[in-house]
Structure formats: structure tokens, C-alpha cells
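Remarks on the overall topology
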Amino acid sequence: MTPSPVLTESLAGGQDTIVALATPPGRGAISVVRMSGGLATVIAARSITPWPLEPRRATLCRISALDGKQALDRALVTVFVAPDSFTGEDIVEISGHGGLYVPALVMETFVSHGARVALPGEFTRRAVLNGKLDVTQAEAIGDLVDARSAAMHRTALAQLDGGLSRRITSLREALISIEALIAYDIDFPEEDDGPVPRDRIAGEVELLLSSLDALLATVAAGEMIREGAIIVIAGLPNVGKSSLFNALLGQSRAIVTDVPGTTRDAIEAFVESESWPLRLVDTAGLRETSDTVERIGIEVSERYLTRADVVLACGDSAESLSAVTDALYGKTEAPIIAVRTKSDIPDQEKIRSSVIRVSAETGTGLKELLTEIDHLLSVEAGPLRPDIPVLTKSRQIFAIQRARDETKAFGNAWRDRHLPAPVAAVHLRSAAGALEELIGAVSTDDVLDRVFSSFCVGK
Ligand code: GDP
């Protein structure tokens, strides 16, 4: 991992030693308790035998309370000595038996010897403050823990690997080199066109703007990766929507029945196409009805329709296909795929050729349908390019937008010569400042609080 630039904030309260259960509490084979800080090895020495341990080597140890008198667990213990650890401090990691009781006893012992229970995200926060990770990498750890799709996993790993940080660092360097050119220009104002041609600076600003725009162009994709694209299955009752939903899910979750209107409300499930995570929504039939429960279902489907990324207009006949197409008219801005369901049953009358034919019964057409959904989403969100990191957090988006706006303002002032160079250069400094805040080169408590507020304890 790339170490972050020198931090302006020193490690607040760095002397205190924190301890937390790093695995979810509850019944399980193994639980990991980790302790980090200046007293970690001192505290461990009082309850772990044998001691001392060879660093970075898991050793089977006896953990005991009250200075060795009461045995608590037999566990694998690994010691990491500062600064070669995740947090940059001494760390003792105990992989002991799982469950609620044993890890709680181990934690209690360490706390009674002087450790403090960690706050959510405090280990990662210390890693950032000690220059082990920058802030965007810390965010990537949060995303990795929260990942529930291949796309999110890929994006978070690339960010943890420093992809976004490297890009931002190089943009910041480009800004600083323009600042340097301007400074030179200011120092030699009497020379004709200045020692640096104005066009050269304008050209570099243009390049920078297009790089910032390329990053901002990933915002839609980032949102789709984070939230999942909403794919709404629409159609009259009994055309096979729930069956299609289940077939796409590969498992039975919705109620499938041949009584019209049984799907009372929207059901959501998470599936994946080749590039995107999908939130598949099965809604109630769109037909007008006096049945109040089903009316609610219809409202739910309409509510989803306004937020849909793709709508599957399903029908098992020419008539039901045109009914659903009519019902959808004006209710959604999302692209619509016409889906002829129950394709194992032959057409009674001619159906237009632009439909995708699927059968929940035989599985025909499901793959083609997923490919078409994937394609439409890639058109909508822009394709994912391996060379451009994806912005997934509003903090990142705001910072890049600010950097872009400030760079643009500088570019305009430079072109129109309506501000003296030293004044125009203030915009460049603000743009660089936005990028510095983003990677934590200038990290304030406020920024760190926002980043770590959603972390779990033990991270
Ligand atoms: P919904 O009301 O639109 O959700 O429709 P359902 O999924 O409940 O299906 C209605 C009826 O059509 C059920 O009897 C299903 O077994 C039947 N059905 C659904 N999909 C297929 C299919 O692909 N082939 C055939 N032959 N029957 C299907």
C-alpha cells in the first residue's frame, strides 16, 4: 500500500491502547480479538504464555486472567511490532474460540489491564493517522467489508490498492506544477509574454480539466455499483412475472401462483449481471382493480417505476404485451425491454420481433435477457474502464467537483486576463486543497469523523 503524504494532524491520544472484537459477535469457530497501542505488548505479557513471541508468527498460547491464575482460552496469538503493523502501532491479535463468552472474557481481561474498548473504525483511523493508509484507502476498506457484488468488490479492491489515490496524487501534482509556472510568471512580469507562454498554461489546464471530467463521468457507474441497478418486472397479473423473478434468482423466493393478483406488494432480490449488481423488483400487476390490497401493490409498482434503471415489460401474448406497454406509457423514463414470457407455449398470434423470449419453465432466454439488461445499464451509466478509478462516495464526488470548478474558474480568468495572475492562482490553490483533503494530505478531525462514522467496531 502507498503510504499517505505527511499528515498535519498528529495521533491524538496515541498512547492509549485499544481493544476490540474484530469478528462478528456470536457463535462461530474462531473469534479474533485485537489490541493496538503503546501498551499492547505490556498488557499481553500479563495474560499470555509463552511470552514474548516472535513477531509476525502465529503461536499457540494460553490466555489467562488475573496474572496467569485462571485459564480463559487456548488461542493462536500473533504480535506485530510498530511500525510494521496495520495501525503502525504494536498490535497483538488473538485468534481464539468463538461464541459470546470466551472473547468477552479475553476483552475484559485486557480492559482490566489498561486497554480501552475501541470506537467504530478506530483501528483504521489510527492506520490513516500513522500514514499507513490514506483516507480513500480507508474508505475502500469500508466498501470491501460492505461489498455484496463482484462490481463493488472489484472497485473497492482497486481503491484499496491505491488506484484512486494515485490518480488524485497525480492530478494534484499537475495542479502544483501549473501553480509553479504561474509563480514564475509573476516573478518576471516585465518580460514580453512572460517567460512561460500563456498557451502552455492554458493547454495544461485543459488537460487537467479533461482528467477531472473523466473521473466525474464515473459517478453514475459508482452509484449503480453501490446501490445496485433497479430492474422492475412489470406486467398484468398471471403473465409469469414471479416465475421470471424466481428463474432469474435461480431460487424460489417469491410466491408463484396461478391465481391472478397474488403478488400483493413489491419483492426485491439482489442478483448480478456480468458487470452490474441488480436489484430485481417483482411488482403487482398493473391492471386497474377495486381490490384495495392490490391497489397498494399497483402504487408500489408505480413508485418503483419512477426509480427504475430498466423495466421488463412482460406479457405472455400479443395482447398482454401491448397492455403492459400501454400501461407503462409515461410512467417511467427508464429503457423498457419487452419480454415475451412462457416462450415454451407457442404464439397464438403474431408478436413483433423486438421482444426477448424467455421461459421460466425451461430457462430459455434468461441469459440473453441478462445480457440485454447489462448492455442497457452500461449505456446508461457509461462503461467501466479499468484505467479510470470509480468515484463511489459523495465525499469524493464533492471534492473532485470543487477541484474541477476551481480549475475551470482559473482557466477562464487566465484566458480572459480579467484577474491579475496572483489572484487567479488562488483558484488553483483551492483546487489543490480539495484534492489534498480528499486523500487526507490535510486531514481534519471533521473529515475523519465523516469517513469513519459508518465503520464497525474492530475495523
Ligand atoms: P405473475 O402473476 O405475473 O407473477 O405470474 P406467475 O409467475 O405467478 O405465473 C402465472 C402462471 O403461469 C403460473 O401457473 C406459472 O406456473 C405459469 N408460468 C409462469 N412462467 C411460465 C413459463 O415460462 N412457462 C409456462 N408454461 N408456464 C409458466
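Our subject is the structure listed above.
Everything quoted here is computed from the prediction, not taken from an experiment. (Residues numbered from 1 in each chain as written. Predicted model: local features only at pLDDT ≥ 70, side-chain atom pairs only at ≥ 80, totals over all residues. Heavy atoms only, no water.)

1. Quick notes on the overall build of the chain
Secondary structure summary: the chain contains 15 helices and 13 strands in total. Contacts in the chain between residues far apart in sequence, at least 24 positions, make up 66% of those at least 6 positions apart. Put simply, the chain shows about 22,000 Å² of open surface, and 55% of that area lies on carbon and sulfur atoms. (Helix = DSSP H or I, 4+ residues; strand = E, 2+ residues; numbered from the N terminus. Contact = heavy atoms within 4.5 Å. Areas by Shrake-Rupley, 256 points an atom, 1.4 Å probe, with all protein chains shown as cover.)

2. Here's the deal with the packing of aromatic side chains
The relation between two aromatic rings is expressed through the spacing of the ring centres and the mutual angle of the planes. According to the stated counting rule, one finds one aromatic pair in the structure shown. Ring centres of F410 and W414 lie 5.7 Å apart, and the angle between their planes is 20°; this geometry places the pair in the stacked category. Taken together, the residues F410 and W414, both in helix α13 (residues 394–416) and four residues apart, mark about one turn of the helix. The ring of F123 is capped by R34, whose NZ or CZ atom sits 4.7 Å from the centre of that ring. (Phe/Tyr/Trp six-rings, centres within 6.5 Å; stacked < 30°, edge-to-face > 60°. Lys NZ or Arg CZ within 6 Å of the ring centre and 35° of its normal.)

3. Thoughts on the sheet that holds strand β1 (residues 18–21)
Read across the open sheet, the seven strands follow the order β3-β4-β5-β6-β2-β1-β7; overall the sheet is mixed. In the strand order of this sheet, the two ends are held by β3 (48–49) and β7 (116–117), each with one partner. For β3 and strand β4 (residues 59–65), the ladder comprises two bridges, and the chain directions are antiparallel. Paired with T49 across the bridge in β4 is R62. (Pairing = 2+ DSSP bridges.)

4. A few points about the nonpolar core
Formed by 33 residues in total, the largest nonpolar core has its most connected members in I178, I182, I201, I400 and F410. Among the elements of the structure, α6 (163–187), α7 (198–216), α13 and α14 (421–439) are those that each provide at least two residues to this core. Considering each element in turn, this core owes the most residues, 10 residues, to α14. Among all residues touching I400, those that are not within four sequence positions of it are I168, L212, L215, L216, L391, L435 and L438. Within the second largest apolar cluster, 32 residues are counted, among which are A151, I225, V358 and L369. (Core = buried A, V, L, I, M, F, W, Y, C linked by side-chain atoms within 4.5 Å. Buried < 20%, exposed > 50% of the residue type's maximum accessible area, 1.4 Å probe, protein only.)

5. As for the pairing of strand β2 (residues 30–36)
Buried residues dominate β2, accounting for six of its seven residues. As judged from the four bridges shared by β1 and β2, these two strands associate in the antiparallel manner. Note that in β2 the partner of L21 across the bridge is V33. Inspection of the sheet shows β2 paired to strand β6 (residues 91–97) by seven bridges, in the antiparallel sense. Residue pairing across strands places V32 opposite S95, the latter belonging to β6.

6. Quick word on empty space enclosed by the protein
For the coordinates displayed, the defined rule picks out one cavity of 30 Å³ or more. Estimated volume of the largest cavity: approximately 30 Å³. Around the largest cavity, the lining residues are D143, M152, T155, A156, Q159, I225 and T392. Among the elements that make up the lining of the largest cavity, the one with the highest residue count is helix α5 (residues 150–160) (four residues). Of the residues that constitute the lining of the largest cavity, the class distribution is three nonpolar, three polar and one charged. (1 Å grid on protein atoms, 1.4 Å probe; cavity = no way out; pocket = protein on both sides within 12 Å on 5 of 7 lines; lining within 4 Å. Points joined across faces, edges and corners; volume = space filled by probe spheres on them. Nonpolar A, V, L, I, M, F, W, Y, C, P; charged D, E, K, R; others polar.)

7. Some thoughts on the pattern of salt bridges
One pass over the structure, following the stated rule, counts 18 salt bridges. With its nearest N and O atoms 3.9 Å apart, the salt bridge here joins E122 to R126. Note that E122 and R126 are positioned in helix α3 (residues 122–129) at a spacing of four residues, about one turn of the helix. Neither residue differs from the other here; E122 and R126 are each classed as buried. Between R172 and E436 there is a salt bridge, with the nearest N and O atoms lying 2.7 Å from each other. Note that R172 is positioned in helix α6 and E436 in helix α14, a separation of 264 residues in sequence. Residue class for E436 comes out buried when judged on its relative accessible area of 8%. One network of salt bridges, in which partners are shared, links D16, E89, R116, E122 and R126. (Salt bridge = Lys/Arg side-chain N within 4 Å of Asp/Glu carboxyl O.)

8. What about the side chain of S378?
Relative to the elements of secondary structure, S378 occurs in helix α12 (residues 366–381). Every residue in contact with S378, bar those within four places of it in the chain, is listed here: W276 and P383.

9. Quick notes on the packing of α7 against α13
The N-to-C vectors of α7 and α13 enclose an angle of 155°; their axes lie 10 Å apart at closest approach. Judged by the inter-axis angle, α7 sits roughly antiparallel to α13. Between α7 and α13 the crossing geometry is left-handed. Contacts from R198, I201, A202, V205, L208, L209, L212, D213, L215 and L216 of α7 reach α13 at I397, I400, Q401, A403, R404, T407, K408, F410, G411 and W414. Of the residues that constitute the contact of α7 with α13, the class distribution is 13 nonpolar, three polar and four charged. (Axes fitted to C-alpha atoms, helices over the stretch in contact; angles between N-to-C directions. Parallel < 35°, antiparallel > 145°, perpendicular 65-115°, else oblique. Left-handed = near helix turned anticlockwise from the far one by under 90°.)

10. Quick word on the sheet that holds strand β9 (residues 267–272)
Spatially, β9-β10-β8-β11-β12-β13 is the arrangement adopted by the six strands of the open sheet, whose pairing is mixed. A single partner strand is all that each edge strand has here, and the edge strands are β9 and β13 (356–357). Two strands pair when backbone bridges link them, and strand β12 (residues 336–340) and β13 are joined in this way by two bridges, in the parallel orientation. Its bridge partner being in β13, V339 is matched across the sheet by I356. Packing against the sheet, helix α11 (residues 318–328) makes contact with β8 (229–235), β11 (310–315) and β12, and its axis sits at approximately 145° to β11.

11. As for α12
Over its 16 residues, α12 runs 22 Å from end to end, which matches the ideal 22 Å to within 8%, given 1.5 Å per residue. Along α12, the residues that are buried comprise L366, L369, I373, D374, L376, L377, S378 and A381. (Expected span 1.5 Å × (residues − 1).)

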